[in-house]
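# Summary of structural features
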Amino acid sequence: MRVIAGTARGTRLAPVPTGVRPTSDRVRESVFNSLGQFFDGGDVLDLYAGTGALGIEALSRGCERAVFVEKDGRAVAAIRENLRRAGVADRAEVLRSDVERVLDRMLTDGRVFNLIFADPPYRIAATEVGGLVSRLRALLAPGGRVVIESGEAPAEGTTGKKGVTRRYGGTFVTILDRFELTMIVAICPGSFDPVTTGHLDIIRRASGIFDHVVVAVGSNLRKKPRLQAAERARLIEKVTGGLDNVSVEVMDGLLVDFAREQGARVIVKGLRAVSDFESEFEQAQLNRKMYPELETVFIMAAAEHSFLSSSVVREIASLGGDVRGLVPDGILETVREIYSGTRGR
Ligand code: PNS
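First things first, this report covers the structure right here in the doc. Values in this document were obtained by computation on a predicted structure and should not be read as measured data.

By secondary structure assignment, the location of Asn245 is in the loop between helix 8 (229-240) and strand 10 (246-250). Residues within four places of Asn245 in sequence aside, it is in contact with Ser207, Phe210, Asp211, His212 and Val213.

Here you go:
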């Protein structure tokens, strides 16, 4: 393992103590290529630092100071040796401690960093990585970036955010900027069998409030959908194409699990009348019990949609009636064909 670029370029780094997973040269090189010309001064925080290769590379490329956090004693010795070899020891602080404890102290002290590396060992559960992301938010300076490595799948709490996740063999690397860490992702869940103009109105209004909206096409066990979820999702994609911050996904399991995966903090539901309230209230309470940090918010349907539902669209279309105005124009013909049973005839 060698320093790739900068003042310490070519410095051979001390070998990795057993039990510490190093970031491979290939992954390190790709991470630094993605960060580009980013290293004009600034402070770097290297969490779960291992041999310190990431933080040392950043110092070599122009970061001013670095803090390394590592709990393994042999790894701490390797970091110190590597800092000495690279000639950057006077710009570094090495803390032998738990990441959790250090983060608590830094948050209390109000410290901020321009670049944060978090390379948790594989055994850390994805849920812990999610918790880590929300705390790193407060430690990031304006314009700063967080690089998260994880060994399983994109770090939880980061998907649904726009940051770039790349896979290198068995390693996933996600780079997020401050906006991507602070952005509020909301989920608009429903059966959408089919999507109506009322649904579209709620999705559009939610997209004006939240940074990103994920429309989740799910299964309501009390209903038997006419169309496969993937097909219902395709219709929604067609009518939300003009909304930049809206994406559409099929949701297989529980809504709360999906929200966790997407790093979402909000569920958005439309409310048409008092009659909707009872069931929505029940679902919101149950979801809150399973995932207390997830807030359900309601957007009141426009008066002209108060009578509108997917079931009336299905009924009217199946009896050959006109559903113009009830479903978005872009899918009018498809809905007519599918739900009247004339598709393919
Ligand atoms: O459009 P709908 O039929 O009112 O949507 C209901 C939906 C899909 C949002 C709801 O059934 C749901 O969240 N399903 C996912 C499974 C789940 O989490 N069930 C527990 C809800 S308390």
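Formed by 35 residues in total, the largest nonpolar core has its most connected members in Ile203, Ile236, Val268, Val323 and Val335. Of all the elements in the fold, those that place two or more residues in this core are strand 8 (185-190), helix 7 (197-209), strand 9 (212-217), helix 8, strand 10, strand 11 (266-271), helix 11 (310-318) and helix 12 (332-340). Here this core takes 5 residues from helix 8, the largest share from any one element. Sequence-distant contacts of Ile236, that is, excluding residues within four places in its chain, are made with Phe192, Val195, Ile203, Val215, Val217 and Val248. Counting residues in each nonpolar core, the second largest holds 31 residues, with Val3, Ile79, Val94 and Phe117 among its members.

Take the pairing of strand 4 (residues 113-118) next. With 5 of 6 residues buried, strand 4 is to be regarded as a mostly interior element. Of the strand pairs in this sheet, strand 4 and strand 5 (residues 140-150) are connected by 5 bridges, and their pairing is parallel. Of the residues in strand 5, the one forming a bridge with Phe113 is Leu140.

Within the fold, Val313 resides in helix 11. Residues Val313 and Val335, 22 residues apart in the sequence, show an inter-C-alpha distance of 8.8 Å. Once residues lying within four places of it in the same chain are set aside, the contact partners of Val313 are Pro194, Thr196, Leu308, Val323, Leu326, Val327 and Val335.

Ser191, Ser219, Asn220, Lys223 and Leu255 are the nearest of the 13 residues found near the ligand. The separation between an oxygen atom of the ligand and a polar side-chain atom of Ser191 is 2.4 Å. Between Asn220 and the ligand, the recorded distance is 2.9 Å, taken from a side-chain N or O atom to an oxygen atom. Expressed as a share of its isolated accessible area of 540 Å², the protein-covered part of the ligand is 81%. Of all elements in the fold, only strand 8 and helix 10 (274-290) reach the threshold of two or more residues within the shell around the ligand. Ranked by residues supplied to the shell around the ligand, first place goes to helix 10 with 3 residues.

What counts, and where the lines are drawn
- Residues numbered from 1 in each chain as written.
- Predicted model: local features only at pLDDT ≥ 70, side-chain atom pairs only at ≥ 80, totals over all residues.
- Heavy atoms only, no water.
- Helix = DSSP H or I, 4+ residues; strand = E, 2+ residues; numbered from the N terminus.
- Contact = heavy atoms within 4.5 Å.
- Core = buried A, V, L, I, M, F, W, Y, C linked by side-chain atoms within 4.5 Å.
- Buried < 20%, exposed > 50% of the residue type's maximum accessible area, 1.4 Å probe, protein only.
- Pairing = 2+ DSSP bridges.
- Near = heavy atom within 4 Å.
- Polar contact = N/O pair within 3.5 Å; in protein donor to acceptor, adjacent residues only side chain to side chain.
- Areas by Shrake-Rupley, 256 points an atom, 1.4 Å probe, with all protein chains shown as cover.

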